[in-house]
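These are the residues of each chain, in order.
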Amino acid sequence: MSTKVAGELATDLVHVVKKLSALRNHLPRLHPAIDASSYPVLIALKQGDQRVSAVAACVHSDISTVSRQISHLVAAGVAEKVADPQDGRAQVVRLTDEGKQIIDELAARRAEWFRSMLTGWTTDEVRDFTAYLGRFDQALTHELERNTHCGKQDA
């Protein structure tokens, strides 16, 4: 692949990321106390009970930021801190029933949003795009691991 083509892809991706970010701020809130910046934390918690440090690694953010987000989610009643069953001195965070409902609603709305946005695409085109996106995600993960010495964490 040429540097020119790689540069065009990089520019297009910058535009896509900016547009997704702009759209995120215009979507209706699923809970009055939760903004879109907390969704990656909620998605990470859907995987199961985790320490704050594990959530931070999963969402590729610093512990202090994620700790503040989790405190906000706990105050909103969508997450809770409980004793770590492996080490009672530590705590893990988990979704409450309300938090699980919110994340399920988020997934359903996101799927519907993408379905409506991709009207005109065939199922095969969406599957091809998904495969390429997955392949690109693997390249990003490899680059992240190479630069941060961090293992793959799904967000």
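The rules behind these values
- Residues numbered from 1 in each chain as written.
- Predicted model: local features only at pLDDT ≥ 70, side-chain atom pairs only at ≥ 80, totals over all residues.
- Heavy atoms only, no water.
- Pairing = 2+ DSSP bridges.
- Helix = DSSP H or I, 4+ residues; strand = E, 2+ residues; numbered from the N terminus.
- Contact = heavy atoms within 4.5 Å.
- Phe/Tyr/Trp six-rings, centres within 6.5 Å; stacked < 30°, edge-to-face > 60°.
- Buried < 20%, exposed > 50% of the residue type's maximum accessible area, 1.4 Å probe, protein only.
- pLDDT = per-residue confidence, 0-100.
- Patch = residues over 30% accessible without salt bridge, like charges linked within 9 Å, V, L, I, M, F, W, Y side chains within 5 Å.
- Areas by Shrake-Rupley, 256 points an atom, 1.4 Å probe, with all protein chains shown as cover.
- Salt bridge = Lys/Arg side-chain N within 4 Å of Asp/Glu carboxyl O.
- Expected span 1.5 Å × (residues − 1).
- Arc of directions from axis to C-beta.

A.B. asks: So what's going on with the pairing of strand 1 (residues 79–84)? Which residues, and what values?
C.D. replies: Two elements, strand 1 and strand 2 (residues 87–95), share six bridges in a ladder whose sense is antiparallel. Across the sheet, residue Val82 finds its bridge partner in strand 2, namely Val92. A loop of two residues connects strand 1 with strand 2, the two strands running antiparallel in sequence.

A.B. asks: Account for the environment of Arg29, with residues named and values stated.
C.D. replies: Position of Arg29 among the secondary structure elements: in the loop between helix 1 (3–24) and helix 2 (39–46). The spacing of Arg29 and Leu106 is 77 residues in sequence and 9.5 Å in space, taken between C-alpha atoms. Beyond its immediate chain neighbours, meaning those up to four positions away, Arg29 contacts Ile34, Asp35, Tyr39 and Arg109.

A.B. asks: So what's going on with the packing of aromatic side chains? Residues and values would help.
C.D. replies: This model, assessed by the stated rule, comprises two aromatic pairs. Judged by centre distance (5.1 Å) and plane angle (75°), the ring pair of Trp113 and Phe114 falls under edge-to-face. For Trp113, a relative accessible area of 25% corresponds to the partly exposed category. Aromatic side chains Trp121 and Phe129 sit 5.6 Å apart centroid to centroid with 75° between the ring planes, which places their arrangement in the edge-to-face category.

A.B. asks: Give me the confidence of the model for the protein chain: which residues, what numbers.
C.D. replies: When pLDDT is averaged along the protein chain, the result is 89, and 95% of the positions lie at 70 or above. Least confident of the elements in the protein chain is strand 2, whose mean pLDDT is 90; most confident is helix 4 (residues 63–76), at 95. With pLDDT under 50 throughout, residues 150–155 is counted as low confidence; its partners more than four residues away or in other chains account for 12 contacts.

A.B. asks: Please give an account of the side chain of Gln69 that cites residues and values.
C.D. replies: The topology assignment puts Gln69 in helix 4. Not counting residues up to four positions away in its chain, the partners in contact with Gln69 are Ser37, Ser38 and Val41.

A.B. asks: So what's going on with unusual backbone geometry? Which residues, and what values?
C.D. replies: Of note, His60 is a non-glycine position whose phi angle comes to about 55°, a positive value. Note on His60: relative accessible area 45%, which makes it partly exposed.

A.B. asks: Would you mind going over a nonpolar patch on the surface in detail, with residue names and values included?
C.D. replies: Where nonpolar side chains cluster on the molecular surface, the patch consists of Leu9, Leu13, Val16, Leu20, Phe114, Met117, Trp121, Phe129, Leu133, Phe136 and Leu140 and spans about 950 Å² of accessible area. Of all the elements in the fold, those that place two or more residues in the nonpolar patch are helix 1, helix 5 (97–117) and helix 6 (123–148). As for its position among the elements, Val16 is in helix 1.

A.B. asks: Pulling in residues and values, what's your account of the pattern of salt bridges?
C.D. replies: Under the definition given, this model contains 10 salt bridges. Notably, a salt bridge pairs Glu143 with Arg146, separated by 2.7 Å at the nearest N-O pair. Of this pair, Glu143 and Arg146 both sit in helix 6, three residues apart, roughly one helical turn. Under the relative-accessibility criterion, Glu143 is labelled partly exposed at 34%. Salt bridges sharing common partners tie together Arg51, Asp84, Asp87 and Arg89.

A.B. asks: Outline helix 4, listing residues and values.
C.D. replies: Relative to the 20 Å expected for 14 residues at 1.5 Å per residue, helix 4 spans 20 Å between its end C-alpha atoms, a close match to the ideal helical length. Every buried residue belonging to helix 4 is among Val66, Gln69, Ile70, Leu73 and Ala76, and all of these are buried. The buried residues of helix 4 all sit within an arc of 115° when viewed along its axis, so they share a single face. Among the exposed residues of helix 4, those pointing more than 90 degrees away from its buried face are Arg68 and Ala75. With its phi angle positive at about 85°, Gly77 sits one or two positions after the end of helix 4.

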